[in-house]
Amino acid sequence: MTVDNNRRILIINYGMGNIGSVKNALNTLGVECIISDSKNDISSADAFILPGVGAFPAAMSNLKKLDIVDELTKQVMISRKPFLGICLGMQLLAKDSVENGYAKGLGWIDAGVVPIDREKIKRVPHVGWNNVLMEKDDVMYKRIGASAHFFFDHSFHMVCSDHEMVTGTCVYGEKMVASIRKNNIFATQFHPEKSQRNGLKLLRNFTNFVFSDRS
Amino acid sequence: MLKTRLIGVLIVKGGIVVQSINFRRYLPVGSPAVAVDYLNRWGIDEIVLLDIDASPESRSPELSKIAEFSKCCQVPLTVGGGIRTVEDIEKTIHAGADKIVINSAAVDTPDLISEGAELFGAQCIMVSIDAGLTGNGEYRAFTDSGRCDTGRSPVDLAEEAEKRGAGEILINSIDRDGSKTGYDLELLGQVCNAVDIPVIACGGVGHPEHFREAAGLNLSGLAAANFFHFTEHSAVVAKSFLKSAREQVRLDTYAKYENCTFDMNGRADKRSDEYLDKLRFEYIPEEII
């Protein structure tokens, strides 16, 4: 298996949330990365991380204003470069969301984003450490264990039509999607950059995937 | 299931972490960078850093320092102190904070709550309420580090914060602050029952038992400032206590302090000499991630 540690990981800066945390976490792992919002950097990068905290419609609007949606879609869906979406960055992969009305998402996966059901659980947002049940023995959960704690902070969650892509779930009022994997696309509802050792391990698993020979 | 968070609060005055007593006396503890690092290593669930000089000095938090602390902080870092405008929120998040806390501004210019929630997401906006008992036995909210009586109840402020889109409430008892006599359960109960957003308790913890006493209130987080500063592994020890009392907390550190007992001052009792001897020679390889 060949390993290329020079592959460039790009953290997409579209003005939503604290991207510094993701860079800090990667630096703690000794992994270099760049932060950018430019189409050129996106086309020349080897892998992507899309973090995000905030509202879905504002996020899609920012991505469109930066004119990077098409290029990013090309790199991820056609060139199949590794991609990690975090929190809002996972929700954006869906076809649409009903947050603050209605907005279309990137549509890379067959899923929708809906509010956490207040009939089932009183306190929203879902904020704090919850354990993630590993539904699939995916590379993202290597060395992490079947019921590890991660940090969540969200009021909306993703519903997938295809359960095959769900790699982890958590329970908050009801069972919810905590992470997905579809080919080169990884995504987590929780924040690995804020989940101490479990989070660092997950990020390491992703960067190892980026640097390894995946073909 | 969702675990109750144990949250370390760092009160920063003059650039150093201080021990706070009734919001009036402040005794030095040490460097915020070291405190963040230690709490992080001891498995704390979240850190709240409050620059209490900012409001009286009419400025926002020291951004360069936040950038420094956030580098080694792998748990959510919530920063507050003098945040008054949307620009303040943006700069603070940009510097490395995951969430921000607003206190005086939530009362003086409550539109900031809704504007902040709309621009940055409700998850980023924590409203903190400092409350004290008045002469006639009612709770009142204070701003400006406890100096200014708002004339309103903490419940009233919490309800307004929720309506305006705040993500969480941090309720702090001025009377219990630094007292080591436990949380003001009556105050916490009132606020918890009034809102449907997560509520975090603060003020008064001196013994891990005080964390456990708040168990029935459906609190999302149990915060303490002074409590975490004076013992090695304070966060781990507190969590071990709560776990053995069947409370739902996350205990992920290698050190588990299982079957640990406590003295009346909340310090872990010394273990038997046989146990300690065995521990001396136990080899624990560092896990490289």
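Residues numbered from 1 in each chain as written. Chains lettered and ligands numbered in written order. Predicted model: local features only at pLDDT ≥ 70, side-chain atom pairs only at ≥ 80, totals over all residues. Heavy atoms only, no water.

Q: For this particular structure, what's the right way to read the confidence of the model for chain B?
A: Parts of the model with low pLDDT should not have their predicted coordinates read in detail. Residues with a pLDDT of 70 or more make up 100% of chain B, whose mean pLDDT is 90. Ranking the helices and strands of chain B by mean pLDDT puts helix α6 (residues 154-163) of chain B first, with 97, and helix α2 (residues 63-71) of chain B last, with 85. (pLDDT = per-residue confidence, 0-100. Helix = DSSP H or I, 4+ residues; strand = E, 2+ residues; numbered from the N terminus.)

Q: Whenever I open this one, the packing of helix α1 (residues 19-28) of chain A against helix α6 (residues 196-211) of chain A confuses me. Can you help?
A: The geometry of a pair of packed helices is captured by two quantities: the angle between their axes and the separation between those axes. Residues and elements named next belong to chain A. Where α1 contacts α6, the axes come no closer than 10 Å and their chain directions differ by 80 degrees. In this view, α1 runs roughly perpendicular relative to α6, as classed from their interaxial angle. Here A25, L26 and T28 of α1 come into contact with α6, specifically with L200, L203 and T207. Within the contact of α1 with α6, the residues separate by chemical class into four nonpolar, two polar and no charged. (Axes fitted to C-alpha atoms, helices over the stretch in contact; angles between N-to-C directions. Parallel < 35°, antiparallel > 145°, perpendicular 65-115°, else oblique. Contact = heavy atoms within 4.5 Å. Nonpolar A, V, L, I, M, F, W, Y, C, P; charged D, E, K, R; others polar.)

Q: Would you explain the sheet that holds strand β2 (residues 34-36) of chain A in this entry?
A: Sheets are built from strands that pair by backbone hydrogen bonding, the pairs being arranged parallel or antiparallel. All names here are of chain A. Taking strand neighbours across the sheet as the criterion, the nine strands line up as β2-β1-β3-β4-β13-β12-β11-β8-β9 in an open arrangement whose pairing is mixed. At either end of the open sheet lies a strand with only one pairing partner, and these are β2 and β9 (147-154). Geometrically, the sheet is characterised by an average inter-axis angle of 25 degrees between neighbouring strands, direction not taken into account. Packing against the sheet, α1 makes contact with β1 (9-12), β2, β3 (47-50) and β4 (83-86), and its axis sits at approximately 160 degrees to β1. (Pairing = 2+ DSSP bridges.)

Q: Whenever I open this one, helix α3 (residues 86-95) of chain B confuses me. Can you help?
A: Residues that lie three or four places apart on an α-helix share one face, since the helix turns once every 3.6 residues. Residue and element names in this part refer to chain B. Those residues of α3 lying buried are V86, D88, I89, T92, I93 and A95. Buried-residue contacts for α3 involve α2, β5 (77-80), β6 (99-102), α5 (111-120) and β7 (125-133). Where α3 ends, the next residue or the one after it, G96, has phi of about 135 degrees, a positive value. (Buried < 20%, exposed > 50% of the residue type's maximum accessible area, 1.4 Å probe, protein only.)

Q: Quick question: what am I supposed to make of the environment of I200 of chain B here?
A: All names here are of chain B. Relative to the helices and strands, I200 resides in strand β11 (residues 199-202). A relative accessible area of 1% means that I200 is categorised as buried. With 29 residues separating them along the chain, I200 and I171 place their C-alpha atoms 6.1 Å apart. Discounting chain neighbours no more than four positions away, the residues touching I200 are R5, I7, M126, E168, I169, L170, I171, L219, G221 and A223.

Q: I would appreciate a short explanation of the nonpolar core in the present structure.
A: Note that soluble globular proteins tend to have their nonpolar side chains buried in a common cluster. With 73 residues, the main nonpolar core has L10, I47, I102, V127, I169, F211 and F228 of chain B as its most contacted residues. If we skip the residues at most four places from it in the chain, I47 of chain B touches G8, L10, V36, L39, C73, V75, P76, L77 and T78 of chain B. Membership of the second largest hydrophobic core comes to 38 residues, among which are A47, L84, I144 and L202 of chain A. (Core = buried A, V, L, I, M, F, W, Y, C linked by side-chain atoms within 4.5 Å.)

Q: I keep staring at the interface of chain A and chain B and nothing clicks. Help me out?
A: By a frequent convention, interface size equals the accessible area lost on bringing the separate parts together. Contact residues are listed per partner, giving 35 residues for chain A and 40 residues for chain B. With both sides pooled, the region where chain A packs onto chain B buries about 3,200 Å², and carbon together with sulfur makes up 47% of that total. The largest contributions to the chain A side of the interface with chain B come from R123, W129 and Q196 of chain A, which together make up 23% of the buried area. On the surface where chain A and chain B come into contact, there are four salt bridges. The tally of links between chain A and chain B comes to 30 residue pairs in polar contact (both at pLDDT 80 or more). At the level of secondary structure, the elements contributing two or more residues to the side of chain A that touches chain B comprise α1, β8 (126-134), β9, β11 (166-172) and α6 of chain A. Considering only residue class, the side of chain A that touches chain B consists of 10 nonpolar, 15 polar and 10 charged. (Buried area = accessible area lost by both parts, 1.4 Å probe. Salt bridge = Lys/Arg side-chain N within 4 Å of Asp/Glu carboxyl O. Polar contact = N/O pair within 3.5 Å; in protein donor to acceptor, adjacent residues only side chain to side chain.)

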